[in-house]
Each structure stands twice: as C-alpha cells, then as structure tokens.
Amino acid sequence: MSVSTAASAQSICAHLPVLGRDVTVPLVTGGEVAYAALDYAASAPALQRVWDDVAAYAPYYGSVHRGAGYLSQLSTDLFENARGTVAEFLDCREADQVIFTRSTTDSLNLLARALPADCQVFVFETEHHASLLPWQDARVTYLNAPRTPRQAVETLERALADRDPHGPALVCVTGASNVTGELWPVRELAAAAHAHGARIVLDAAQLAPHHPVSVQELDVDWVAFSGHKLYAPFGSGVLAGRADWLVAAEPYLAGGGASRKVTRREDGGVAVQWHENAARHEAGSPNVIGAYSIASACKALTEAGFDSLVARERHLIAEVREGLAEVPEVRILSLFGDDAPRVGVISFVVDGWNSSHFAAALSAEYGIGVRDGLFCAHPLVRTLLGSAPQTQGECGAPEAAPGEKSLNAIRVSFGAGTPDEHVGRFVKAVKELVRDGAKWQYRTEEGRCVPAV
C-alpha cells in the first residue's frame, strides 16, 4: 500500500477511543510496553463512549418493568429504548422482536429451543461452535466447507432440494468467519433458503462490529450477536427477528418477567399465561446495563459511520496481509482465497513454530495479545490445516511443547479501536521472531506455552 493511500485511509477515520489503550504490561526481557490488544475476534475492548454512558446511568440504577419508583421507571424506559435502538441498528422489520440474551451462544440456543417440531437444520461445518452445536435436538444436516461463495450457495441449494418440502427448516450461517475473517454470501444464502421454504438465522457476532447489518436488505429471518464483540462489556447479547416461532415456543427460561398471569388451578396446580412479546424469553431481572451498553455501542458505531470504519479497517487488513506475505514461513488460512472480502480477522501458521509458542513469545517479548488454538471452530481449522476431521485437539489448549508441531493456528484480529501502531508493531514482531527466534525460553504448563522462570 502506498504512503498516500495509507494516509488517505487514516484521514477518513481515526480509531475510536477504547478502554485499556493506556495499559502497560511487563516484558520478560525487561521494561514495559503499551499493550497491543489484537484479539478483537474473542472480545473487543469496550468503547470509552459506552463506558461513559454506563457510568452516567449507574447512579440511577433501578429494577425494571414493575417498579413504581422514579428510578425504576427511568430504567424501564432506558431498557425498552435500548431495544428500539438495536432494532434500528439492525434495520429490523416492524413486527420483529428484539430479545436481550447473554451472548450469541445464548441467542442461538434460545432459537434452537423455539424450533417447531420436526424442524430440519442446515449448518456448514465452518461455523463457530456457538452456531454449530445448539441444534442437537433437531434433525441436523452438516454441510462440508465450501471453497468459494458460489459453492456455498450451490451446496446449500442441493441440500435443501433433497429435504422434505413440507416440514419446517432452518439454515444457520455466519456473516464473517471468526477464523479467516472472510465474508459469507448471506443475501444469496437467504434467497436460496427462502426459495426452498426454509428460514435462515445469521450469526453476526463477527460481522456486526465491522459492517452494517440490515435484516431487511440481507432478508434474513433472525440475527444473533454478542455485546462483548461490539465494544460493550461482557454478558449481553441479542436475538432479533421474526416473532412467530418465538411466541409459539415455551419460554426459554421459566420465571418472573416471562409470565403475564399465574393462578392456582382447582386441582391444586399452577396455571401460567406467558407474555407474547420479547419478555417471554427474558425471565428474571434483566441485564439492564448490558442492554444499555449494546445500545450505546450501536449508536457510537452508527455515528462514526460504517463507510469510514470499513475503509480504515481495509487499510489495516492490507497492512497485515502484505506484511505477513513478506515472510515465506507464514501461511495465511483462507477458504475463499486472497481476493475475498473480509473483516479484521486473520489466522495463520508459521513453519517451524508451535502456534502456542509463537503467541506466547508475541505476548511475553512484545506485549502483543493474539490468540492461538482452534478458535471454537474445530472442524473449520482442521479443514484449513489439512488434518483429518476426527483428529484430536483442544480449543486454545495445545498439547505440543515449544518447537513441536501442533494442530493449532495463530489469530490476529482488530477493529475500530485498534491504533495503527499496534498493527505495525505486530508485523514487525512476526518478522523478528521468524528471523531471529525467541529471546526467552518457554515451557508447557497445563497445556499452555509460558515463559520459563
């Protein structure tokens, strides 16, 4: 990338202020350095704007929905307004429901519990475990990893053509891979699903923080995402979409809030009328701060402008990929090829290095936080590494010692809060480690590679 192109990208949008940007960490080689958080695909740091909004609300904290006091009414309005903000952020249809959950995983498990009887589910093996595993009680068809977006659509079309056309069906697909960062052809997959009488749920955990997500433009039936990947604190998530299956299903959790009316029956039992709105699946005292945090993040990203955010991220992606391409020992993992559009998530392996050893050295010697392992997407990473699908391996817990081959990869990920300096330092560190080796000795402790002391 030319200097002028890089300067243009930087002038479009500076990185957004996030918590932790001034944190320093010790190096095993001596001294301290500003921490470079490059593990956004696992959890993005909270935006300073989000944290400030939460702090401003905290003194007014109150229980929602049934409190008569001023603070309870204020908190109720804030909670319900957050629902509206998320619906606007996702460009939901008028009749769609927005349900607040704990995470993407929680959202998809909720939807799995709401599936009609005898529903058939279609899911690619390339999914994160959050969208690969919740469907165990349904009839599941697992689809092989495609090697092009067109092949993904064709694979789904063939599978749907062979199903019983009279029963309910659901397709679950990611918007952006948490391993390769590649964007999936969501609109085309949705069209294929609907042409065969199926519905589709979009796992937008990796897509929503990086690109605008429009339920109406993509024509998906549901969207799920997590707050902690959208620059909000842990413990909040969203399931948004069509209401009919959700209203027809038993509540995800039974308890206060989900129940509209509870009476004793003549036989001594209890009769319950459940809510038919989002509260049906939000039993218990809700995570008001979590919902408010997500809404604040949605507003911050919208106000920053996704066009500018995407342009800047493309600049960072190009810098990382071009830097890694200069190291022959590095192999970037990809399904769709170098030209595929992607978000700021890049996984790779380094010849001659155990992935855990390499990640440990980046942290201990350079103050750079990345992730190594199978990234809770075991079948996909094994496919990309060319290993047998049944080969053993643990997510983030490699058994190989430093210097030994391991069934794992290294993942660097970044986003709206990443300073350019962090990306440049990462590329420089990779080159130095491959050229000069680690400066410190490392050992395996409880499945992790750590500096020897």
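Located above this text is the structure these notes cover.
Cut-off values and rules
- Residues numbered from 1 in each chain as written.
- Predicted model: local features only at pLDDT ≥ 70, side-chain atom pairs only at ≥ 80, totals over all residues.
- Heavy atoms only, no water.
- Salt bridge = Lys/Arg side-chain N within 4 Å of Asp/Glu carboxyl O.
- Helix = DSSP H or I, 4+ residues; strand = E, 2+ residues; numbered from the N terminus.
- Buried < 20%, exposed > 50% of the residue type's maximum accessible area, 1.4 Å probe, protein only.
- Pairing = 2+ DSSP bridges.
- Axes fitted to C-alpha atoms, helices over the stretch in contact; angles between N-to-C directions.
- Contact = heavy atoms within 4.5 Å.
- Arc of directions from axis to C-beta.

Caption draft 1: The arrangement of the pattern of salt bridges in detail. Per the stated rule, a full pass over the model turns up 23 salt bridges. The partner of Arg-199 in a salt bridge is Asp-244, and the shortest N-O contact between them spans 2.6 Å. Here Arg-199, found in strand S8 (residues 199-203), pairs with Asp-244, found in helix H9 (residues 244-248); they are 45 residues apart in sequence, far enough to count as distant. The buried category is assigned to Arg-199, whose relative accessible area is 18%. Notably, a salt bridge pairs Asp-221 with Arg-242, separated by 2.6 Å at the nearest N-O pair. Linking Asp-221 in the loop between helix H8 (215-218) and strand S9 (222-226) with Arg-242 in the loop between strand S10 (237-241) and H9, this pair joins segments that are 21 residues apart in sequence. Within this structure, Asp-39, Arg-371 and Arg-411 form a network of salt bridges that share partners.

Caption draft 2: Highlighting the sheet that holds strand S13 (residues 330-332). What the four strands build is an open sheet, ordered S13-S14-S17-S16; its pairing is antiparallel. Every interior strand has two partners, whereas the edge strands, S13 and strand S16 (371-373), have only one. Between one strand axis and the next, the sheet turns through 30° on average, direction left out of account. Strand direction decides the pairing type here: strand S14 (residues 345-350) and strand S17 (residues 409-413), joined by four bridges, are antiparallel. Counterpart to Ser-347 in the pairing with S17 is Arg-411. Strands S13, S14 and S17 of the sheet are contacted by helix H11 (residues 306-325), whose axis makes an angle of about 10° with S14.

Caption draft 3: Representation of helix H7 (residues 186-195). Those residues of H7 lying buried are Val-186, Leu-189, Ala-190, Ala-192 and Ala-193. Down the axis of H7, the buried side of the element spans an arc of 160°, and every buried residue falls inside it. In this fold, the buried residues of H7 make contact with strand S5 (120-124), helix H6 (149-161), strand S7 (169-174), S8 and H8. Of the residues flanking the end of H7, it is Gly-197, one or two places downstream, whose phi is positive at about 75°.

Caption draft 4: Expanded view of the pairing of strand S11 (residues 259-264). Strand direction decides the pairing type here: S11 and strand S12 (residues 270-274), joined by five bridges, are antiparallel. Among the inter-strand pairings, Ser-259 is bridged to a residue of S12, identified as Trp-274. Counting the residues that bridge the hairpin from S11 to S12 gives five residues, and of these Gly-268 lies at a positive phi of roughly 95°.

Caption draft 5: Representation of the sheet that holds S5 in the model. Reading across the sheet, the seven strands line up as S4-S10-S9-S8-S7-S5-S6 and stay open at both edges, with mixed pairing between neighbours. In this open sheet, the two edge strands, each paired with only one partner strand, are strand S4 (97-101) and strand S6 (139-143). On average, each strand axis in the sheet is tilted by 20° relative to the strand beside it, whichever way the strands run. Relative to S4, helix H3 (residues 70-89) is tilted by about 115°, and along the sheet it contacts S4, S9 and S10. Contacting S5, S7 and S8, H7 runs over the sheet at an angle of about 155° to S8.

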